[in-house]
Amino acid sequence: MSTFSRDLIGRSGYANEGFADHYDGARPSPPAVALDVLTRCAGGRPQLVVDLGSGTGLSSRAWAARAERVVGVEANPAMLARARATTAEANVTFVEAYADATGLEAGSADIVTCAQSFHWMDPAAVLPEVARVLRPGGVFGAYDYDVVPVIEPQVDAAFAAVIDVRWAARERLGIHAGASQWPKREHVARLRESGLFALAREVHCHAETTADAEAVTDLAHSLGGPTAIFEGRAPELEETMDALTRIARERLPEPRPMLIGYTIRLGITPS
Ligand SMILES: C[S@@+](CC[C@H](N)C(=O)[O-])C[C@H]1O[C@@H](n2cnc3c(N)ncnc32)[C@H](O)[C@@H]1O
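Residues numbered from 1 in each chain as written. Predicted model: local features only at pLDDT ≥ 70, side-chain atom pairs only at ≥ 80, totals over all residues. Heavy atoms only, no water.

Is there a simple way to think about the overall build of the chain in this case?
Within the chain one finds 11 helices and 7 strands. For the chain, the spread of C-alpha atoms along the three principal axes comes to 55 × 35 × 35 Å. Here the chain holds 271 residues, and the buried ones make up 53% of them. The contacts in the chain between residues at least 6 apart in sequence include a share of 79% that link residues at least 24 apart. (Helix = DSSP H or I, 4+ residues; strand = E, 2+ residues; numbered from the N terminus. Buried < 20%, exposed > 50% of the residue type's maximum accessible area, 1.4 Å probe, protein only. Contact = heavy atoms within 4.5 Å.)

So, in structure tokens, the structure goes:
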């Protein structure tokens, strides 16, 4: 088991009381267009989708009507418990495991996904397991939303400030996120370096949704885990979040259309 992910999960705050519930309500579900891209690359409706780092199950449930069977793999028991409690679809199940040792049958999956989760994982440990579980010509898709969403210029700027200040506080206090070690922009290079995929590429798409002030601030607050991980040592983050809340309430008196960009990093195993 990769100690990198274990240590990261340990300091993420994702196991804190109530965080999984907040996460599940605040984060967007994967957009249909991202699932369309992966389905098309796999050559049609998948028999089995394996979702690594499935969290509260948002990214697993999204496949329920699009695949025969979906298995979410999650190492944090608090996130897993929320996934099991929330998921009613009989063809979606979860296992508690690390992504580099899933225990799933070799060659069984048409699609393996990492939704907002590949940067939490050591690619050298996880990619061989991905390639083992995929059938020949199977598709690995690591996809992430590109924060900041697009909703209203002043709100977008205040949202961007929260992301920047949070990142700077992490660096200053040495609370490193997975993405400091495995930046998302390097995912495709890592897929290529692994030699496990016949094709590795990036695809960009976007989702259209609607959000109000509360949804926007909830999303910003859920990104990067609870502020409790800073133990009161980042007051500038609280101030920036308060500013976002105030500006969002001023600028979004009614729900508005919101666009969220996505980047999909794809690897297709040899046929
Ligand atoms: C940001 S959440 C994404 C959850 C979900 N996929 C979604 O789209 O909302 C990342 C999840 O990956 C899990 N995770 C991180 N590293 C993992 C690993 N090596 N094996 C299994 N789960 C892992 C974390 O515990 C966390 O729940």
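Would you mind showing me how to read helix α10 (residues 213-222) here?
Each α-helix turn comprises 3.6 residues. Residues three or four places apart therefore point the same way. Looking only at α10, the buried set comprises A213, V216, T217, L219, A220 and S222. In this structure, the buried side of α10 is in contact with α2 (19-26), β5 (134-150), α7 (153-173), β6 (199-211), α11 (235-251) and β7 (256-268). Within two residues after α10, G224 carries a phi angle of roughly 85°, on the positive side.

Please explain the site of the ligand as it appears in this structure.
The ligand sits among 21 residues. The nearest are S5, Y23, G53, S59 and E74. S59 has a polar side-chain atom sitting 2.8 Å from a nitrogen atom of the ligand. Between the ligand and A75 there is a distance of 3.4 Å, counted from a nitrogen atom to a backbone nitrogen or oxygen. Protein contacts shield 98% of the accessible area of the ligand, which totals 600 Å² for the unbound molecule. Contributions of two or more residues to the shell around the ligand are made by α1 (3-12) and α4 (58-61). Here the shell around the ligand is built from residues that sort into 12 nonpolar, 8 polar and 1 charged. (Near = heavy atom within 4 Å. Polar contact = N/O pair within 3.5 Å; in protein donor to acceptor, adjacent residues only side chain to side chain. Areas by Shrake-Rupley, 256 points an atom, 1.4 Å probe, with all protein chains shown as cover. Nonpolar A, V, L, I, M, F, W, Y, C, P; charged D, E, K, R; others polar.)

In this structure, what is going on with the side chain of T39? I would like to understand it.
With respect to the helices and strands, T39 occurs in helix α3 (residues 32-41). Discounting chain neighbours no more than four positions away, the residues touching T39 are G44, R45, P46, W63, R66 and I111.

Explain the side chain of S60 to me, please; I cannot follow it from the model alone.
Position of S60 relative to the elements: it lies in helix α4. Not counting residues within four places of it along the chain, the set of residues in contact with S60 comprises D51, S54, V70, G72, V92 and F94.

I'm lost on the pairing of strand β4 (residues 109-115) in this one. Help?
Regular strands place side chains that alternate from one sheet face to the opposite one. Judged by how many residues are buried, β4 sits mostly within the fold: 7 of 7 residues are covered. Where strand β1 (residues 48-52) and β4 come together, 4 bridges link them in parallel fashion. Residue pairing across strands places V50 opposite V112, the latter belonging to β4. For β4 and β5, the ladder comprises 6 bridges, and the chain directions are parallel. (Pairing = 2+ DSSP bridges.)

Explain the sheet that holds β4 here, please?
Across the sheet, which stays open at both edges, the 7 strands sit in the order β3-β2-β1-β4-β5-β7-β6 with mixed pairing between neighbours. Whereas interior strands pair on both sides, the edge strands pair on one side only; in this sheet they are β3 (92-96) and β6. Along the sheet, successive strands turn relative to each other by an average axial angle of 25°, direction set aside. Looking at chain direction, β5 and β7 are connected through 9 bridges and run antiparallel. Residue pairing across strands places A142 opposite R265, the latter belonging to β7. Where helix α6 (residues 123-133) meets the sheet, it contacts β1, β4 and β5, and its direction lies at approximately 130° from that of β5. (Axes fitted to C-alpha atoms, helices over the stretch in contact; angles between N-to-C directions.)

How do you make sense of unusual backbone geometry when you look at a structure like this?
The phi angle of most residues is negative, glycine excepted, and most peptide bonds adopt the trans form. The linkage connecting V147 with the following residue, V148, adopts the cis geometry, with an omega of 25°. Among the secondary structure elements, V148 is positioned in strand β5. With phi around 55°, Q116 is a residue other than glycine that occupies positive phi space. Along the polypeptide, Q116 turns up in the loop between β4 and α6.

No statement about biological role is implied by the geometric values presented.
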